[in-house]
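# A closer look at the structure
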Amino acid sequence: MALRKEIRHLDDMKKVLADRFWLKTAKNFPVYYVLREAKKIKDISYDVTLMPPHQLGKELAKTKGNRNSNGFLELYTALAGRAILLLQKTKADTVQDVMAIVLKKGDYFVIPRLYATITINPSPRLPLKIATWTAKKNKNIYTELEKRQGACYYYTKSGWIKNNNYKKIPKLRFAKPLKKKPEDLSFLLESKK
């Protein structure tokens, strides 16, 4: 598969943003950039995402967010800047778990099976550059987050706020990143439903 560049614009993200009032007058602009398969690794996609610092109304810059298909795992690392990963696990429209992980340059985190993930750039001034490894067979699923206007929490200038489109929201917990990359990435190729 050839190297692909993708640009995620504001118009692509309207279904997952908190600030509906801001969206009424906001002009379309590039929110983040993805370089797909930036390195050649057999059966594993190594993608790099660059996210400039933006305000998305009340929220700070973030990715649209998705869940991986077929229970594929994904490995994240921060290459430059700081990232907040927001993960939630949902079953039958009920959020079972929600956690946040702060990644600094050189930190890693494996996204557990069946968790939707949103990457946030918490800096109002510095760009964020992250990399991810996942199976090439993986497909991103966006509908689960679009259905409820994003994840169950939003990260704003004032901190975390709840998304009222969810009936019941668990308490946000915080997890620690890994300090080293796993040597063998073959676990990323295992799918489980």
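Residues numbered from 1 in each chain as written. Predicted model: local features only at pLDDT ≥ 70, side-chain atom pairs only at ≥ 80, totals over all residues. Heavy atoms only, no water.

### Overview of the environment of Tyr 115
In plain terms, the rule: Runs of E in the DSSP output that reach at least two residues are strands. Runs of H or I that reach at least four are helices, and both are numbered from the N terminus. A simple rule labels every residue: compare its accessible area, found with a 1.4 Å probe on the protein chains alone, to the largest value its type can have, and call it buried under 20%, exposed over 50%, or partly exposed in between. By definition in these notes, contact holds between two residues if any of their heavy atoms fall within 4.5 Å.
With respect to the secondary-structure elements, Tyr 115 resides in strand E11 (residues 115–120). Judged by relative accessible area, Tyr 115 falls into the buried class, the value being 11%. Apart from the residues lying within four places of it in its own chain, the contact partners of Tyr 115 are Asn 66, Arg 67, Leu 87, Gln 88, Lys 89, Asp 97, Met 99 and Arg 173.

### A closer look at the pattern of salt bridges
Rule in force here: When a carboxyl oxygen of Asp or Glu lies within 4 Å of a side-chain nitrogen of Lys or Arg, that pair is called a salt bridge.
Evaluated as defined, the whole model comprises 13 salt bridges. Close ionic contact of Arg 36 with Asp 47 constitutes a salt bridge, the shortest N to O distance being 3.0 Å. With a gap of eleven residues between them, Arg 36 in strand E2 (residues 30–41) and Asp 47 in strand E3 (residues 44–51) connect regions that are remote in the sequence. Neither Arg 36 nor Asp 47 differs from the other in exposure class; each is buried. Asp 93 is the partner of Lys 147 in a salt bridge, and the nearest nitrogen-oxygen pair spans 2.9 Å. With Lys 147 in the loop between helix H3 (143–146) and strand E14 (153–156) and Asp 93 in the loop between strand E8 (83–91) and strand E9 (94–103), the pair connects residues that are 54 residues apart, well separated along the chain.

### Notes on the sheet that holds strand E10 (residues 108–111)
Going by this rule: In this analysis, strands are considered paired if DSSP registers two or more bridges between them. All axes are obtained by fitting lines to C-alpha atoms, using only the stretch in contact for helices, and the reported angles, taken between N-to-C directions, cover 0 to 180 degrees.
Overall, antiparallel pairing links the six strands, which are arranged E1-E2-E3-E12-E7-E10 in an open sheet. Looking along the sheet, the strands with just one partner apiece sit at the ends: strand E1 (4–9) and E10. On average, each strand axis in the sheet is tilted by 25 degrees relative to the strand beside it, whichever way the strands run. The pairing of E3 with strand E12 (residues 128–135) spans eight bridges and is classified as antiparallel. By the bridge assignment for E12, Ser 45 is matched with Thr 134.

### Re the nonpolar core
The criterion, for reference: Residues belong to one nonpolar core when they are buried, are Ala, Val, Leu, Ile, Met, Phe, Trp, Tyr or Cys, and are joined through side-chain atoms within 4.5 Å.
Ranked by internal contacts, the top residues of the largest apolar core, which has 42 residues, are Leu 85, Leu 86, Leu 87, Leu 103 and Phe 109. The element that contributes the greatest number of residues to this core is E9, accounting for six residues. Setting aside residues no more than four positions away along its own chain, Leu 85 makes contact with Tyr 76, Met 99, Ala 100, Ile 101, Leu 103, Phe 109, Ile 111, Ile 118 and Thr 119.

### Quick word on the packing of aromatic side chains
The relative placement of two aromatic rings is captured by the distance of their centres and the angle of their planes. To keep things clear, this is the line we draw: Here is the rule: rings of Phe, Tyr and Trp (six-membered ring for Trp) pair when centre to centre is within 6.5 Å. Planes less than 30 degrees apart are stacked, more than 60 are edge-to-face, and the remainder are tilted. To sit over a ring, a charge needs its Lys NZ or Arg CZ within 6 Å of the ring centre and within 35 degrees of the ring normal.
Applying the stated criterion across every chain yields a total of four aromatic pairs. With a centroid separation of 6.3 Å and an interplanar angle of 35 degrees, the aromatic rings of Tyr 108 and Trp 133 are classed as tilted. You can see Tyr 108 sitting in strand E10 and its partner Trp 133 sitting in strand E12, a full 25 residues away along the chain. The pair formed by Tyr 108 and Trp 133 is uniform in burial state, with each residue classed as buried. Each residue in the set Tyr 46, Tyr 108 and Trp 133 is aromatic and connected to the rest through ring pairs, giving one cluster. Note that Lys 39 overlies the ring of Tyr 46, its terminal NZ or CZ placed 4.7 Å from the centroid. Over the face of the ring belonging to Tyr 166 we find Arg 148, whose NZ or CZ atom lies 5.9 Å from the ring centre.

### Let's talk about the sheet that holds strand E16 (residues 173–175)
In space, the six strands of this open sheet follow the order E13-E6-E11-E8-E9-E16, with mixed pairing throughout. Edge positions in the open sheet fall to strand E13 (140–141) and E16, since each of these has one partner strand only. Looking at chain direction, strand E6 (residues 66–68) and E13 are connected through two bridges and run antiparallel. If you follow Arg 67 over to E13, its bridge partner there is Ile 141.

### What to know about the environment of Tyr 154
Applied cut-off: Whenever a nitrogen or oxygen atom comes within 3.5 Å of another N or O atom, the pair is scored as a polar contact, on the condition that within protein one atom can donate a hydrogen and the other can accept it, and that pairs from neighbouring residues in sequence are kept only if both atoms are in side chains.
Looking at the element boundaries, Tyr 154 is found in strand E14. The exposure class assigned to Tyr 154 is buried, which follows from its relative accessible area of 4%. As a C-alpha pair, Tyr 154 and Tyr 142 span twelve residues in sequence and 17 Å in three-dimensional space. Within polar-contact distance, the side chain of Tyr 154 engages the side chain of Asn 163 at 3.0 Å.

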